[in-house]
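An overview of the molecular structure
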Protein chains: 2
Amino acid sequence: MSGRNNGEDGPRVRFSDPQIEMAHGAGGKATRRLIEGLIVPLLHNSVLARMEDAAILSVGDQQIALTADAFVVSPICFPGGSIGELAVNGTVNDLAVVGARPTALLGTLIVEAGMPGDVLRAVIEAMARAAEAAGVAIVGGDTKVVEHGKADGLYITTAGVGLVDARLKLGAGRVAVGDQVILSGPIGDHGITILLARGELDLEADLKSDTRSVWPFVEALAGAVPQGIKWMRDPTRGGVASSLNELAREVRLGIVLSEEAIPLRAEVRGACEILGLDPLHIANEGQFLAVVAPEATAAALSALHAVPGGEGAVVIGEVREQPARGVLSRSSYGGTRMVDMLVGDPLPRIC
Amino acid sequence: MSGRNNGEDGPRVRFSDPQIEMAHGAGGKATRRLIEGLIVPLLHNSVLARMEDAAILSVGDQQIALTADAFVVSPICFPGGSIGELAVNGTVNDLAVVGARPTALLGTLIVEAGMPGDVLRAVIEAMARAAEAAGVAIVGGDTKVVEHGKADGLYITTAGVGLVDARLKLGAGRVAVGDQVILSGPIGDHGITILLARGELDLEADLKSDTRSVWPFVEALAGAVPQGIKWMRDPTRGGVASSLNELAREVRLGIVLSEEAIPLRAEVRGACEILGLDPLHIANEGQFLAVVAPEATAAALSALHAVPGGEGAVVIGEVREQPARGVLSRSSYGGTRMVDMLVGDPLPRIC
């Protein structure tokens, strides 16, 4: 139930699609229609209606964050990782971007009968390694087996629990004109890696998934500029474009990106050009976006650059009055283009 | 990752099966081999090694219970409910039997492309109704879509969070010789209902799933005999036989059942006789087992009988020294039989 609310006075989204299509799972407009038009109205409650990456609940005098994720990536193993790392890091990151230190995970396996025992072993080993690296315990789960042909090897679903870092005061409501948009590093590595790993395209590139925990970066920000960080998101399905469009809609402001500032590997740029894809729509599994008060931006970047793997963090844009509820990308040559949410599903089962 | 630990000095279970078979998901011996022989050793941590239905974590001065479940029941809709009710109640019940009041759920959908929109709507409506009846909020989740043929309509996975009722002190370590085994009501309704709903057998019966929240019963016990309740379990996959065998192994004592005391509808008895199934192996989705101190048994039964739907709660057996680590069933005619865990998977995808 990813996807976000579009503000109480925004247009009502209705779901009347006759059947579920791949696009409903892609993280773009069809997903939004499914979530906001069907699931949220039926499961109405105030926590769900906020539609953050994780729900926040009070337990005694502490706040805990809860999140759930499903992983159906195909193929199961790819350069840089497997569905196992993805399941752990994806869950950890959903907690991290709401400002919660990841504490415990539950991992549930839906296995297709006939799955080789050693592949399952390798995936579980990958989960264990990723959990250790991220400092979380896998405390439980469930395992179901379905007949051969009724799943595609292995699906993993997870739930994660984290403790909200009391230093941080995150909330889209704090986002204001002039705030800076920070991106942690190059985009598109994960999505393009998966696409190439399928071997259906006559393309090769020395590229691997960026799957990793982003909690160390969030922790560094919480230490350096706790009040300056206003909003965070990990741009997975639907990419940077979908995450920022959701923010723009919610806060009814515009986001203006500097096209050339967005870090992008040559391999990803090249693959996107050949395939007609916008890198801003491609999924990432180890990057995050942060909206930061202008006066905190320098300190935030310094803190990120000091964390191994955070050297590439940069400002990619700014919050403006216009285009209200939209995202605009501006090139240094003076050209501009509107950056829309992902439509359809050009990259199915990317995570 | 259901299944339980078999005690530190029990025989080590090893997993060397070349591939995953349906039996690995059935909740019996093969599931135990997969969980204890592969998953737990790889994800080693003290919380997981306890292998209760839910993990218990401390948050400040409170204890929270966490659980995860996957639901792959086929067919999706059946007499008495659907995968929607099952997902909510199954999760709620895993929390209830560790003594935790269910508080929040996360629900994750893996949908096969081509799923009719109105079927999905009906399932989500069922989740909403069941959550309201159980007094829990569905606070988040995730939705993924896989290609037609890569799932079987819809799989739901859940995570649940509950607050441990401080009045209860549950733990297999407290179970002692002389304790009484209480069962909440008739067994086998859910499993046999699903089997008949598949329409593959030339059998009909006026039967429906027993899916419901068991928290009202646990709450009644917590109020009436908080110290007297020592252990609880909801006997789902693998049935009463597997739950009690797991307890017997863990506490290294025997459990002796009175065959005639076990409540069983005539329809379930008849179907089991025709199909050669032991009702003690059939899954339940709205019943629970409780081990109670002898002096608390009468008060526990009174408390249960006062809750609507609890009128059928009865003592079905007793904890004895022998058969150590085993379960014995005794009939009033003097016959006895050992009741083993479920072997193989006579009833696949029952939940």
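Rules used throughout
Residues numbered from 1 in each chain as written. Chains lettered and ligands numbered in written order. Predicted model: local features only at pLDDT ≥ 70, side-chain atom pairs only at ≥ 80, totals over all residues. Heavy atoms only, no water. Domains from an automatic or database assignment. Buried < 20%, exposed > 50% of the residue type's maximum accessible area, 1.4 Å probe, protein only. Helix = DSSP H or I, 4+ residues; strand = E, 2+ residues; numbered from the N terminus. Pairing = 2+ DSSP bridges. Contact = heavy atoms within 4.5 Å. Buried area = accessible area lost by both parts, 1.4 Å probe. Salt bridge = Lys/Arg side-chain N within 4 Å of Asp/Glu carboxyl O. Phe/Tyr/Trp six-rings, centres within 6.5 Å; stacked < 30°, edge-to-face > 60°. Lys NZ or Arg CZ within 6 Å of the ring centre and 35° of its normal. Polar contact = N/O pair within 3.5 Å; in protein donor to acceptor, adjacent residues only side chain to side chain. Least-squares fit on C-alpha atoms with pLDDT ≥ 70 in both. pLDDT = per-residue confidence, 0-100. Axes fitted to C-alpha atoms, helices over the stretch in contact; angles between N-to-C directions.

Observations concerning the domain arrangement of chain A
Domain boundaries assigned for chain A yield domain 1 (1-51), domain 2 (53-164) and domain 3 (172-338). The C-alpha-based centres of domain 1 of chain A and domain 3 of chain A are spaced at 23 Å.

Observations concerning the pairing of strand E10 (residues 254-258) of chain A
Residue and element names in this part refer to chain A. Within E10, 4 of the 5 residues are buried, which leaves the element mostly enclosed by the surrounding structure. Here 4 bridges tie E10 to strand E12 (residues 314-320), and the two strands are oriented antiparallel to one another. Looking across to E12, one finds that Ile255 is bridged to Val319. Where E10 and strand E13 (residues 327-330) come together, 4 bridges link them in parallel fashion. Within the sheet, the bridge partner assigned to Val256 lies in E13 and is Leu328.

Examining the interface of chain A and chain B
When the parts come together, some accessible area is lost, and that loss is often what is quoted as the size of the interface. Of the residues lining the interface, 75 residues belong to chain A; the matching set on chain B comes to 75 residues. Here chain A and chain B share an interface that buries about 6,300 Å² over both sides, 68% of which is from carbon and sulfur atoms. Taken together, the connections running from chain A to chain B amount to 6 salt bridges. Residues Asp152 of chain B and Lys150 of chain A are paired through a salt bridge, measuring 3.8 Å at the closest nitrogen-oxygen approach. Counting residues per element, the side of chain A that touches chain B draws most heavily on strand E6 (residues 137-146) of chain A, which supplies 10 residues.

Here we look at the packing of aromatic side chains
Under the criterion given, the structure shown has 2 aromatic pairs over all chains. Above the plane of the ring of Phe71 of chain B lies Lys144 of chain A, whose end atom (NZ or CZ) is 5.1 Å from the centre.

A short note on the side chain of Asp94 of chain A
Among the secondary structure elements, Asp94 of chain A is positioned in helix H3 (residues 83-96). At 3.5 Å, the side chain of Asp94 of chain A and the side chain of Thr67 of chain A are in polar contact.

Side note on the relation of the copies chain A and chain B
Each of the two chain copies can be brought onto the other by rotation about an axis and movement along it. Between chain A and chain B, the superposition needs a rotation of 180° and an axial shift of 0.0 Å, giving an RMSD of 0.0 Å. When the rotation and shift are considered jointly, the pair of chain copies conforms to a two-fold rotation axis. Within chain A, the C-alpha atom positioned nearest to the axis of rotation is that of Ala151 of chain A, 2.4 Å from it. A share of 100% of the interface residues of chain A reappears at the interface of chain B, consistent with the copies meeting face to face through the same patch.

A look at the confidence of the model for chain A
It should be kept in mind that the predicted coordinates are not to be read in detail where pLDDT is low. All names here are of chain A. On average, residues of chain A score 90 in pLDDT, and 94% of them reach the 70 mark or higher. Predicted confidence for residues 1-9 stays below pLDDT 50, and this span has 36 contacts to residues more than four positions away or in other chains. Prediction confidence for the complex, expressed as pTM and ipTM, is 0.88 and 0.84 respectively.

Observations regarding unusual backbone geometry
With an omega of 5°, the peptide bond between Ser74 of chain A and Pro75 of chain A qualifies as cis. Here Pro75 of chain A is to be found in the loop between strand E2 (62-71) and strand E3 (77-78). Positive phi, normally seen in glycine, also occurs at Arg325 of chain A, with a value near 65°. For Arg325 of chain A, the position within the fold is in the loop between E12 and E13. Even without being glycine, Arg349 of chain B reaches a positive phi, approximately 50°.

Concerning the sheet that holds E2 of chain A
Residue and element names in this part refer to chain A. With mixed pairing, the 5 strands of this open sheet are ordered in space as E1-E2-E7-E5-E6. The open sheet terminates on both sides in strands that have one partner only, identified here as strand E1 (55-59) and E6. The sheet shows a mean angle of 20° between the axes of neighbouring strands, taken without regard to direction. With 11 bridges connecting them, strand E5 (residues 100-112) and strand E7 (residues 154-164) associate as antiparallel partners. Bridge assignment links Arg101 to a residue of E7, and that residue is Leu163. On the sheet, H3 packs against E2, E5, E6 and E7 and is oriented at approximately 145° with respect to E2.

Section: the sheet that holds E12 of chain A
By way of backbone hydrogen bonds, the strands of a sheet pair with one another, either parallel or antiparallel. Residue and element names in this part refer to chain A. Taking strand neighbours across the sheet as the criterion, the 7 strands line up as E9-E11-E8-E12-E10-E13-E14 in an open arrangement whose pairing is mixed. Bordering the open sheet on either side are strand E9 (229-233) and strand E14 (336-338), each of which pairs with just one other strand. The average angle at which neighbouring strand axes cross in this sheet is 25°, direction not considered. Note that strand E8 (residues 180-183) and E12 share 4 bridges and pair antiparallel. Considered in E12, the bridge of Gln180 is made with Glu318. Against the sheet, helix H9 (residues 297-305) touches E8, E9, strand E11 (289-292) and E12, its axis set at about 5° to E8.

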